[in-house]
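Residues per chain, in single letters:
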Amino acid sequence: MDASPVNFLAVKNIVSKLEQAGYQRIEPCEPLGEVKAGDKRYVTKNDSSVYAFHIGQKPMADAGFRMICAHCDSPTFRIKPNAEMLCEGGIVKLNTEVYGGPIMSTWFDRPLTIAGRVIVRGEDALHPQTLLLHVQRPLLQISNLAIHFNRQVNDGVKLSRQKDMLPILGIVNSRLECGNLLMNVICSELNISQDEILDFDLYLADAIPACTFGVHDEFISSGRLDDLSMCFAGLEAMTGTETIDATKVLAIFDNEETGSQTKQGAGSPFLSMMLKRIAIAQSGSEEAFYQAVERAFMVSADNAHAWHPNYSEKYDPTNHPVLGGGPVVKFNAAQKYASDAVSAAVFAEICREAGVPCQRFVNHSDVAGGSTLGNILASSIPLRGVDMGNAILAMHSCRETGSVDDHIYAVKAFTQFFK
């Protein structure tokens, strides 16, 4: 959690763990070549999504594939171009825009940092170089207005994304710093000169480390539990299991929080293309891919809403998962989730075999729910699958709360699925 404040760094860390486990990078612009049983391959897209394949003992046409998918992006604030805004007293704030759907008030009055990628000049215009940035110290803060100027603040205040949510970066000490505070930080951290920088994708992140809390240390407090906790659980299962008959797939998408309709999102044909290339390499025909899809099963892993002891009226009266109660299967009559009775039964049985409890979530009928990866992916690959996740509190807060036991349960269930 602490090493992955943004999608780019999450993918970097996942790739590092995959390579330690013997996975080799695929260059998608090159021929795939021979695919053999036991091969371990991975591919990335946009530096912000990653797809790992552990080739099974049998061709995918005969044994299908088992897939766990999750997403590595989380709600935050993106730093705009020309971001520095000089104010009275030499104070500099940054112009930002909202990414996804954060609970904005939770970002106030806490130390923040910046992380993301910086694009610098490469060998030619079409091939710039990417450098990853994570400033590992408190750097910014979005400060509240004092209650003396806003007596109604505790009655609920509508926040302006453009006015209220701009972070303070620092105070200009010299004319040379004017307009260059942010660039100076970037150049210092990456040991580069300003004229090398072409552009950047930089975001705000909580600078406070993740922790456990509770009398028994039973809770996890961290930003980005949605959905890095599921990424981690899937990665543990992927790297901790041996070759089986079916091919195992771990798909970590980007941009779920903004609709998934990007080349690196679940709405992209990229994963389908890679699976098709593997099936053809194994069996010599496109028919093999379509056979594999019909024999496949997908676990779409994206966190669920835990029952909140202060707001019980917001939850369905009979289907509200609790912290520590095990993985949660998500249902929706409007088909916002991929789960149905068949796929839910499959996942519940996997949990039973793993010795893990399993819960169910359905929205209160008067409360609109969200959507997730399962159905978006199923629109391009018609997979049988289930939408599930661990229950957490304060989803999309700057810091969310999960259960230690649930995290262990998820790893066990995913490992059983990949066995």
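Presented here is an overview of the structure given in this document.

Calculation notes
Residues numbered from 1 in each chain as written. Predicted model: local features only at pLDDT ≥ 70, side-chain atom pairs only at ≥ 80, totals over all residues. Heavy atoms only, no water. Helix = DSSP H or I, 4+ residues; strand = E, 2+ residues; numbered from the N terminus. Rg over C-alpha atoms; globule rule 2.2 N^0.38 Å. Buried < 20%, exposed > 50% of the residue type's maximum accessible area, 1.4 Å probe, protein only. Contact = heavy atoms within 4.5 Å. Lys, Arg positive; Asp, Glu negative; His and termini not counted. Charge placed at Lys NZ, Arg CZ, Asp CG, Glu CD. Salt bridge = Lys/Arg side-chain N within 4 Å of Asp/Glu carboxyl O. Pairing = 2+ DSSP bridges. Core = buried A, V, L, I, M, F, W, Y, C linked by side-chain atoms within 4.5 Å. Phe/Tyr/Trp six-rings, centres within 6.5 Å; stacked < 30°, edge-to-face > 60°. Axes fitted to C-alpha atoms, helices over the stretch in contact; angles between N-to-C directions. Expected span 1.5 Å × (residues − 1).

The next point concerns the overall build of the protein. Scanning the protein from terminus to terminus reveals 9 helices and 20 strands. Scaling as 2.2 N^0.38, a compact globule of 419 residues should have a C-alpha radius of gyration of about 22 Å, and the protein matches this with 23 Å. Along the three orthogonal principal directions, the C-alpha set of the protein runs to about 70 × 60 × 35 Å. Counting the 419 residues in the protein, one finds 51% classified as buried. Taking the contacts inside the protein whose residues are at least 6 apart along the sequence as the reference set, 76% of them involve residues at least 24 apart. Charged side chains of the protein number 36 positive and 48 negative; the gap between the two group centres comes to 1 Å.

The final tally for this structure, using the stated rule, is 11 salt bridges. Between Asp47 and Arg117 there is a salt bridge; the shortest N-O distance is 3.4 Å. Taken as a pair, Asp47 in the loop between β2 (40–45) and β3 (49–54) and Arg117 in strand β7 (residues 112–120) lie far apart in primary sequence, 70 residues in all. Assessed through its relative accessible area of 32%, Asp47 is described here as partly exposed. Of the residues examined, Arg117 reaches a relative accessible area of 11% and is grouped as buried. Measuring nitrogen to oxygen at the nearest pair gives 2.8 Å for the salt bridge that ties Arg117 to Asp201. Here Arg117 is found in strand β7, whereas its partner Asp201 is found in strand β10 (residues 197–206), with 84 residues between them in sequence. With respect to class, Arg117 is no different from Asp201; both count as buried. Connected through shared salt-bridge partners, Asp47, Arg78, Glu97, Arg117 and Asp201 make up one network.

Residues of strand β20 (residues 400–403) alternate between two faces, with Glu400 and Gly402 on one and Thr401 and Ser403 on the opposite face, all of them buried. Alignment of strand β12 (residues 219–222) against β20, held across 4 bridges, turns out to be antiparallel. Paired with Ser221 across the strands is Thr401, a residue of β20.

The next point concerns unusual backbone geometry. The omega torsion across Asp226 and Asp227 is 20°, close enough to zero to call that bond cis. Although it is not a glycine, Asp109 adopts a positive phi angle of roughly 55°. Relative to the helices and strands, Asp109 is located in the loop between β6 (91–99) and β7. Taking the relative accessible area as the measure of exposure, Asp109 reaches 42% and is therefore partly exposed.

Right, let's get into the nonpolar core. Of all hydrophobic cores here, the largest spans 39 residues; its most connected members are Leu18, Val50, Ile68, Ile252, Val299, Phe347 and Phe414. Among the elements that make up this core, the one with the highest residue count is helix α4 (residues 225–239) (7 residues). With 35 residues, the next largest nonpolar core counts Val92, Ile114, Ile142 and Cys187 among its residues.

Once that is clear, we can look at the packing of aromatic side chains. Going through the model one piece at a time under the given rule, you end up with 8 aromatic pairs. Ring centres of Phe213 and Phe219 lie 5.1 Å apart, and the angle between their planes is 35°; this geometry places the pair in the tilted category. Classification of Phe213 as partly exposed rests on a relative accessible area of 35%. Residue class for Phe219 comes out partly exposed when judged on its relative accessible area of 25%. Relative to Tyr290, the ring of Phe289 has its centre 5.3 Å away and its plane inclined at 65°; by these criteria the two rings are edge-to-face. Given the relative accessible area of 5%, Phe289 is considered buried. An aromatic cluster of at least three residues, connected via ring pairs, comprises Tyr51, Phe253 and Phe270.

This next bit is on the sheet that holds β3. Backbone hydrogen bonds hold the strands of a sheet together, and the pairing may be parallel or antiparallel. One open sheet accounts for 9 strands, arranged β1-β2-β3-β13-β4-β14-β18-β16-β17; its pairing is mixed. On the outer flanks of this sheet lie β1 (24–25) and β17 (359–362), each paired with one strand and no other. Relative to strand β14 (residues 297–301), strand β4 (residues 65–71) runs parallel, the two sharing 4 bridges. Bridging across to β14, Cys69 finds its partner in Ser300. Contacting β3, β4, β13 (247–253), β14 and β18 (385–389), α4 runs over the sheet at an angle of about 150° to β4.

Here α4 contains 15 residues, and its C-alpha end-to-end distance of 20 Å stays within 8% of the 21 Å for a straight helix at 1.5 Å per residue. For α4, the tally of buried residues reaches 12 of 15 residues, placing the bulk of the element in the interior. Turning to α4, its buried residues are Leu225, Asp226, Asp227, Leu228, Ser229, Met230, Cys231, Ala233, Gly234, Leu235, Ala237 and Met238.

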